[in-house]
Amino acid sequence: MECDVILVDHDYVTNTAENQNVNECPNVTNISDFNVFSNNEEIVYNTIQLWELTLPPNWHKYLSNDQTTIGISEIIFIKNRDNINSFLRKTIIIEKDLKITCNILGKNINADNFQNALDKVISQQHLENVIKEAATFKICRGLDFLHDKKSSSYLATNNDIIVDTMLHKRNLNCSIIIPHGYYCFPCARTRKMLKQRSARLVAQCSPKRVTLKMTPKSKKKLSLLQKRNELLRKQKKNCINKIKLLRQNMSELMSKFENVSKESISQKLTEMNCSGYQKTIIEEIVSAAKISNPKGRRYSDEWIMLCMLLHIRTPSGYNFCKKNDILPLPSVSSLRRYLAMIDTACGFDKNFFTLFKKHLERQNYNAKTWNYFGG
């Protein structure tokens, strides 16, 4: 990623006049001379400003305000709660005498850590190799105890702890660059010490176990009580597990029951050769079980007729089944309302003899004679 802008003391402010002065290099006449080493350090320094460097991701090139230093840095962003901050984690600094300095987290890195020469800029390829090598360096994580209030108070009063440019705390002798792992030896040792200190504080604050002095007879009684208590605890735990299992099974059955339709129940009862009255009773029980509020319930005509006949036959038995929820029976006032809708005048009903005639036609001669004479 390439970004050639002029910054004023890392304030990310572009100065147009200074930018024009940088692009106007009086001693450079040909772009092909940028990769050629020259004995004139000022000419090479001016050409570096115009090099199109192939930078790793998140790396940017910029120029100081006085145009005496070129910086190539890795910029990272860290979000902390509602705030987001940017930091320069790794920086390659090129001075006007072409001297190279590598700075990581505010600490200059020794040239012995680099395979490429870190004395002066030789060519564009040499500078790109130095930048790529710096980008591959693994950095020590430092001390990540900022979430622990007790450790934070201790770190604030310890003179061997410093804060880097990314506001991370680390040991004063931290080597910054590590070959493998996550922490350097000084930071790892400090982390271990802090963990031990936190463990001691927890042990000091926790209450000590109380020991009782008693006779052998009392110890035996105490042992029996402890065994009985342990047995009751296990029984209680088993009961709780059984209740959870039963509730889970009941919820599964309830969900299956809610998905059962009236047509499927009727089909199942027909396959079982149930009588019409039995089918009506079972269908009414299932439909009543799906309704949480008993008020405003709707009944089928067959069920209303059966309830009216049952109430006429035995009012006490009807009230007993109603009060104990044996059957989903309508209230007595509802039955009386249905009876009031029937037109009952004095004498015989007009349709009685017609229905009686049809009934006799279905009987044989002997049955008719037997019925006529009251046999």
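To be clear, the structure that these remarks concern was listed above.
Conventions adopted
- Residues numbered from 1 in each chain as written.
- Predicted model: local features only at pLDDT ≥ 70, side-chain atom pairs only at ≥ 80, totals over all residues.
- Heavy atoms only, no water.
- 1 Å grid on protein atoms, 1.4 Å probe; cavity = no way out; pocket = protein on both sides within 12 Å on 5 of 7 lines; lining within 4 Å.
- Points joined across faces, edges and corners; volume = space filled by probe spheres on them.
- Helix = DSSP H or I, 4+ residues; strand = E, 2+ residues; numbered from the N terminus.
- Nonpolar A, V, L, I, M, F, W, Y, C, P; charged D, E, K, R; others polar.
- Salt bridge = Lys/Arg side-chain N within 4 Å of Asp/Glu carboxyl O.
- Buried < 20%, exposed > 50% of the residue type's maximum accessible area, 1.4 Å probe, protein only.
- Phe/Tyr/Trp six-rings, centres within 6.5 Å; stacked < 30°, edge-to-face > 60°.
- Lys NZ or Arg CZ within 6 Å of the ring centre and 35° of its normal.

Draft legend 1. Broad picture of the layout of surface pockets. Quantified by volume, the largest pocket comes out at close to 420 Å³. Every element with two or more residues in the lining of the largest pocket is listed here: helix H8 (276-289) and helix H11 (332-340). Residue classes in the lining of the largest pocket are distributed as 11 nonpolar, 2 polar and 5 charged.

Draft legend 2. Molecular detail of the pattern of salt bridges. With the rule as written, the count across this model stands at 3 salt bridges. Measuring nitrogen to oxygen at the nearest pair gives 2.9 Å for the salt bridge that ties Arg89 to Glu74. Taken as a pair, Arg89 in strand E4 (residues 83-95) and Glu74 in strand E3 (residues 69-80) lie far apart in primary sequence, 15 residues in all. Assessed through its relative accessible area of 26%, Arg89 is described here as partly exposed. Between Glu230 and Arg233 there is a salt bridge whose closest N-O contact spans 2.4 Å. Residue Glu230 and its partner Arg233 are located together in helix H6 (residues 216-258), separated by 3 residues, close to a single helical turn. Since its relative accessible area comes to 32%, Glu230 is described here as partly exposed. Given a relative accessible area of 44%, Arg233 falls into the partly exposed group.

Draft legend 3. Expanded view of the packing of aromatic side chains. A full pass over the atoms with the stated rule returns 1 aromatic pair. Ring centres of Phe114 and Phe137 lie 5.0 Å apart, and the angle between their planes is 75°; this geometry places the pair in the edge-to-face category. Remark: Phe137 occurs in the loop between helix H3 (124-135) and helix H4 (149-157) and Phe114 occurs in the loop between strand E6 (107-108) and H3; sequence separation between them is 23 residues. Take Phe114 and Phe137: they sit in the same class, and that class is buried. The ring of Tyr182 carries Lys138 above its face, with NZ or CZ at 5.3 Å from the centroid. Lying across the ring of Tyr183, Arg191 places its NZ or CZ 4.2 Å from the centre.

Draft legend 4. View of unusual backbone geometry. Positive phi values are uncommon outside glycine, yet Leu105 reaches one of about 55°. Within the secondary structure, Leu105 sits in the loop between strand E5 (100-104) and E6. Phi at Asp325 is positive, roughly 55°, even though this residue is not glycine. Mapped onto the secondary structure, Asp325 falls in the loop between helix H10 (315-323) and H11.

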